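Remarks on the overall topology
Each chain, letter by letter, is given below.
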Amino acid sequence: MRIVKNLNDGWKFTLDGKTSDVDIPHTWNGEDGQSGGNNYRRTVATYEKTFPRPALETRGKAYLEFKGVNSSCRVFLNGSEICAHDGGYSTFRVNVTDFLSDENALKVEVDNRANETVYPQTADFTFYGGIYRDVNLVTVSENHFDLDYYGGPGIKVTPTVEDGDGKAKIETFVSGSGDVHITISDADGNTVAEGCGGTFIVKDARLWDGVKDPYLYTAKAALSVNGNTVDEIEAAFGFRTFRVDPELGFFLNGRSYPLRGVCRHQDRPKIGNAITRAMHEEDVGLICDVGANTVRLAHYQHDDYFYDLCDRKGLIVWAEIPYISRHMNGADENAMNQMRELITQEYNHPSIVCWGLSNEITMHGAGDDRLAFHKKLNDFCHAYDPTRLTVIAVYMVAGVRNKLNYVPDLVSYNLYHGWYLPFFSLSGKKLDRFHKAHPATPLGLSEYGAEAMPNLHSVKPKRGDNTEEFQCLFHEKYLDIIESRPYIWATHVWNMFDFAADARNQGGEPGMNHKGLVTFDRKTKKDAFWLYKAHWSDEKFVHICGKRFTRRSGKTVTVKVYSNNDEVELFVNGKSAGKKRGAYKFEFTFPLEETNAIEARSGGLTDELVITKVNSPDPAYKLSKKNKGSNKSWEK
Ligand code: ADA
């Protein structure tokens, strides 16, 4: 039978001739990859560990499984090189059966140096080096569900829905021989179908219906030899249909279901990409809290567990590979391989609806074979997974008739008018121009966002000032653009969380991209978070903006309140400052006293803020010229 033994603990890590004790998950760029200067160590480091010979059945097999090693690595066991892997975001395994001895010396050389063959190399995020996801030793019987094929799970579930019934085509991949038995159970563990393979009918299937009812079934596969079970695996899956209409947007299970959500990067302060399950859970919790129904998992394959969480929460996922910013002529094979791994490994997730081919690939240079390669990658996705769509995230300056826009099923633009460039309205115009030029291609907004530092504030927010107030204004404008265009199939805010990009220097904190709705440490929800919650969430709330902007000057002060109720009353020092009816945003202006105890009341809910009067604008809220930095390091 299959035994999965975790090998995360007790590694010797050597960098620059210095050895230290570490546990996995680990990166050597947790600090220097987030401090700015674009000078984090991109080098080769080694991880070493010993483990005893695992107990094996007669002719049983042992595999090492790596869930994520960034970016490239060579693996040695007892002195022999047993495998190499390029691409830092996918699972890979290697059969080590023939290399085992009583005491096994495992060495992994991990390489995140710059090169021209492995994506990503040019991008606005830190490429943390290290073994940053789990390492397992998997032992199985001689006959077992496959462990060799591109890190896949050995089981492929293709669900369809017909006349209210679910049909699940189940394919299993066996190494060796044996009899396969499949059992499909519902969420309560009741068996709803079983047999030896092929297509199973689940009568009156309960659909996987997005955030409202993300109902999952489980397919268990058992392999037996002479009546004895020798291996077991399982996959959660969901019955759902979707389509995308170029005029009406996204449909889930036959109903209009406009996709409104966020992009996510995975990293955290100090530990970079070496994050825990609890952190994945916290992230998905915050994404649900803001009321999103979709997440673009940028710019690479995320941890398997995160796709599981999206399945469970009903989030619609855009999954992608790090084919980003610059086409490298010598890296087609690597991009193709990363796509094959992504689809093989994540195929069963009902949350995923599209495979992202590339992101802003026209940003730097053309690359001779860029267009031809996009076609090849697109054809590959269609052939390998006919059940899903393909998409690209287009650089904002690429013309609507750019040849790449004719390749995938769906096109989304990354638009930053109003941030990197002036004039919000140009984003709406660009979307309309595209829509007119490509009436049959569904169009989305794959990124849009503005920097915001929780310590920077202004009563007259301006483009580039990095204040929370400007971020709110930016997103208010974009919500207008989005909500007046029902044809947009999906929108993804850039970004749910601040993230590290060591080449950046903005907002007085080098090394970071601050376009998050939530800070890097996940502790502070910026005001723009509440704007989105007002638009997207059914969970009632009232939120007074400016909680970190409490020292104010002038005769009067204006306070903004976000709420998903339609009426808000504001009280200042116990007296009503007015009652307003409206939607999402409520503004109140009142005379500034020495101390202003403010309370917003709405539908039985309250929020509070105390503002104190100061004689002149507090300079601490403004970025000094010295700290201003620039976008130069990451030029749009
Ligand atoms: C690009 C890129 C992202 C992001 C963004 C930004 O659109 O796709 O990775 O960093 O720029 O913030 O400028």
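Numbers given for residues are sequential positions, taken from 1 along each chain in its written order. This being a predicted model, a pLDDT of at least 70 is required before a residue's local features are given, and a value of 80 or more before pairs of side-chain atoms are given or counted; all residues contribute to the totals for chains, interfaces and linings. Just so you know, side-chain values use all the structure's heavy atoms and leave hydrogens and water out.

Only DSSP runs of H or I covering at least 4 residues are called helices, and only runs of E covering at least 2 are called strands; the numbering of each starts at the N terminus. Looking only at helices and strands, the protein chain features 7 helices and 47 strands. Radius of gyration here is computed from C-alpha atoms only, and the compact-globule reference equals 2.2 Å multiplied by the residue count raised to the power 0.38. Since a compact globule built from 636 residues should have a radius of gyration of about 26 Å, the 26 Å found for the protein chain is in line with a globular shape. Along the longest, intermediate and shortest principal axes, the C-alpha atoms of the protein chain span 85 × 65 × 50 Å. Burial classification: accessible surface area is computed with a 1.4 Å probe over protein chains only, and a residue below 20% of its type maximum counts as buried, one above 50% as exposed, and the rest as partly exposed. For the protein chain, buried positions account for 60% of its 636 residues. Contacts are residue-level and defined by heavy atoms, with any inter-residue pair within 4.5 Å sufficient. Long-range pairs, those at least 24 residues apart, make up 69% of the contacts in the protein chain between residues at least 6 apart in sequence. Only the protein chains shown count as cover for residues, with accessible areas throughout obtained via the Shrake-Rupley method and a probe of 1.4 Å. Total accessible area computed for the protein chain in this model is approximately 25000 Å², and 49% of it derives from carbon and sulfur atoms. Each charge class in the protein chain was averaged separately, 78 positive and 85 negative side chains, and the resulting centres sit 8 Å apart. The charged-residue count follows a simple rule in which Lys and Arg add positive charge and Asp and Glu add negative charge, with His and chain termini not counted at all. Here the site of a charge means atom NZ of a Lys, CZ of an Arg, CG of an Asp or CD of a Glu.

Here we come to the site of the ligand. Residues are labelled near a given molecule or strand when at least one of their non-hydrogen atoms is within 4 Å of it. Surrounding the ligand, one finds 15 residues, the nearest of these being Asp124, Glu360, Tyr420, Glu447 and Lys515. A distance of 2.8 Å separates an oxygen atom of the ligand from a polar atom in the side chain of Asn359. Tyr420 is positioned such that a nitrogen or oxygen atom in its side chain is 2.4 Å from an oxygen atom of the ligand. Summarising the interface, the protein chains cover 99% of the accessible area of the ligand, which totals 320 Å² for the free molecule. The nonpolar class holds Ala, Val, Leu, Ile, Met, Phe, Trp, Tyr, Cys and Pro. Asp, Glu, Lys and Arg form the charged class, and all remaining residues, Gly among them, are polar. Of the residues belonging to the shell around the ligand, the class tally is 5 nonpolar, 4 polar and 6 charged. Two N or O atoms form a polar contact when they lie within 3.5 Å of each other; inside protein one atom must be a possible hydrogen donor and the other a possible acceptor, and for residues adjacent in sequence the pair counts only when both atoms belong to side chains.

Moving on: the packing of helix 1 (residues 277-289) against helix 2 (residues 304-313). Lines are fitted to the C-alpha atoms to define the axes, a helix being fitted only along its stretch in contact, and any angle between axes, read from their N-to-C directions, falls within 0 to 180 degrees. Helix 2 packs onto helix 1 with a crossing angle of 35 degrees between their chain directions and a minimal axis gap of 10 Å. The two elements helix 1 and helix 2 cross, and the hand of that crossing is right-handed. Packed against helix 1, whose contacting residues are Arg277, His280, Glu281, Asp283, Val284, Ile287 and Cys288, the element helix 2 presents Tyr305, Phe306, Leu309, Cys310 and Lys313 at the interface. Across the contact of helix 1 with helix 2, the residue classes break down as 7 nonpolar, 1 polar and 4 charged. Working rule for handedness: look at the near helix, and if it is turned counterclockwise from the far one by less than a right angle, call the crossing left-handed; if clockwise, right-handed.

Patch members must show over 30% relative accessible area and no salt bridge, and they are joined within 9 Å when carrying like charges or within 5 Å when they are nonpolar side chains of Val, Leu, Ile, Met, Phe, Trp or Tyr. The term salt bridge refers to a pairing of a side-chain nitrogen on Lys or Arg with a carboxyl oxygen on Asp or Glu at a separation within 4 Å. A contiguous patch of positive charge on the surface is contributed by Lys460, Lys462, Lys622, Lys625 and Lys628. Within the secondary structure, Lys462 is located in the loop between strand 34 (443-447) and helix 6 (468-483). For Lys462, a relative accessible area of 56% corresponds to the exposed category.

A word on the sheet that holds strand 43 (residues 575-581). Read from one edge of the open sheet, 5 strands run 40-46-45-42-43, paired in mixed fashion. In this open sheet, the two strands that pair with only one neighbour each are strand 40 (551-552) and strand 43. Pairing between strands requires that DSSP locate at least two bridges from one strand to the other. In terms of strand pairing, strand 45 (residues 595-602) meets strand 46 (residues 605-613) through 8 bridges, oriented antiparallel. From the neighbouring strand, Thr595 faces strand 46, where its bridge partner is Thr612.

The next thing to look at is the packing of aromatic side chains. Geometry of aromatic contacts follows a simple scheme: Phe, Tyr and Trp rings, the Trp one being its six-membered ring, pair when their centres are within 6.5 Å, and the pair is stacked under 30 degrees between planes, edge-to-face over 60, tilted otherwise. Under the counting rule described, the total for this entry stands at 32 aromatic pairs. Measuring from ring centre to ring centre gives 6.0 Å for Phe13 and Trp28, while their planes differ by 20 degrees; the resulting arrangement is stacked. Of this pair, Phe13 sits in strand 2 (residues 11-15) while Trp28 is found in the loop between strand 3 (18-22) and strand 4 (44-52), placing the two residues 15 residues apart along the sequence. For Phe13, a relative accessible area of 6% gives the class buried.

As a further point, take the sheet that holds strand 22 (residues 217-225). Spatially, the 4 strands line up as an open sheet ordered 18-17-22-23, and their pairing is antiparallel. The open sheet terminates on both sides in strands that have one partner only, identified here as strand 18 (191-195) and strand 23 (228-237). Along the sheet, successive strands turn relative to each other by an average axial angle of 15 degrees, direction set aside. Summarising the sheet, strand 17 (residues 179-185) and strand 18 pair through 4 bridges and their orientation is antiparallel. Residue pairing in the sheet places Ile182 in a bridge with Gly195 of strand 18.

Looking now at the pattern of salt bridges. This structure, assessed with the given rule, holds 41 salt bridges. Where Asp283 meets Arg522, a salt bridge forms, and the shortest distance between an N and an O atom there is 2.9 Å. Note that Asp283 is positioned in helix 1 and Arg522 in the loop between strand 38 (512-513) and helix 7 (527-536), a separation of 239 residues in sequence. No difference in accessibility class separates Asp283 from Arg522, as the two residues are buried. The closest approach of N and O atoms between Asp566 and Arg581, which form a salt bridge, is 3.5 Å.

All right, on to the environment of Asn29 then. One can find Asn29 in the loop between strand 3 and strand 4. Separated by 394 residues in the primary sequence, Asn29 and Phe423 have C-alpha atoms spaced 37 Å apart. Not counting the four nearest positions on each side in its chain, Asn29 is found in contact with Gln34, Tyr40, Arg41, Asn112, Phe127, Tyr128 and Gly129.

Further remarks concern the nonpolar core. Put simply, a nonpolar core is a bunch of buried Ala, Val, Leu, Ile, Met, Phe, Trp, Tyr and Cys residues held in one set by side-chain atoms that sit within 4.5 Å of each other. Ile287, Met339, Tyr413 and Met496 are the most contacted members of the largest nonpolar core, which totals 93 residues. Here this core gathers at least three residues from each of two domains, domain 1 (3-142) and domain 3 (258-538). Excluding residues that lie within four positions of it along the chain, Met339 makes contacts with Ile321, Trp355, Gly356, Leu357, Leu377, Phe380 and Cys381. Where each domain starts and ends follows an automatic or database-derived domain assignment.

Summarising the sheet, strand 42 (residues 567-572) and strand 45 pair through 4 bridges and their orientation is antiparallel. Residue Glu569 lies in a different strand from strand 45, and its bridge partner there is Arg601.

The residue after Tyr119, namely Pro120, is reached through a cis peptide bond having omega -5 degrees. Counting through the fold element by element, Pro120 comes out in the loop between strand 10 (103-111) and strand 11 (130-131). Along the chain, Ala298 connects to His299 via a cis peptide bond; the corresponding omega equals -20 degrees. Summarising the element assignment, His299 is placed in the loop between strand 28 (294-297) and helix 2. Phi at Arg59 takes a positive value of approximately 55 degrees, unusual for a residue other than glycine. Relative to the helices and strands, Arg59 resides in the loop between strand 4 and strand 5 (61-66). Residue classification places Arg59 among the exposed residues on the basis of a relative accessible area of 55%. Of note in this structure, Asn466 is not a glycine but carries a positive phi near 60 degrees. With respect to the secondary-structure elements, Asn466 resides in the loop between strand 34 and helix 6.

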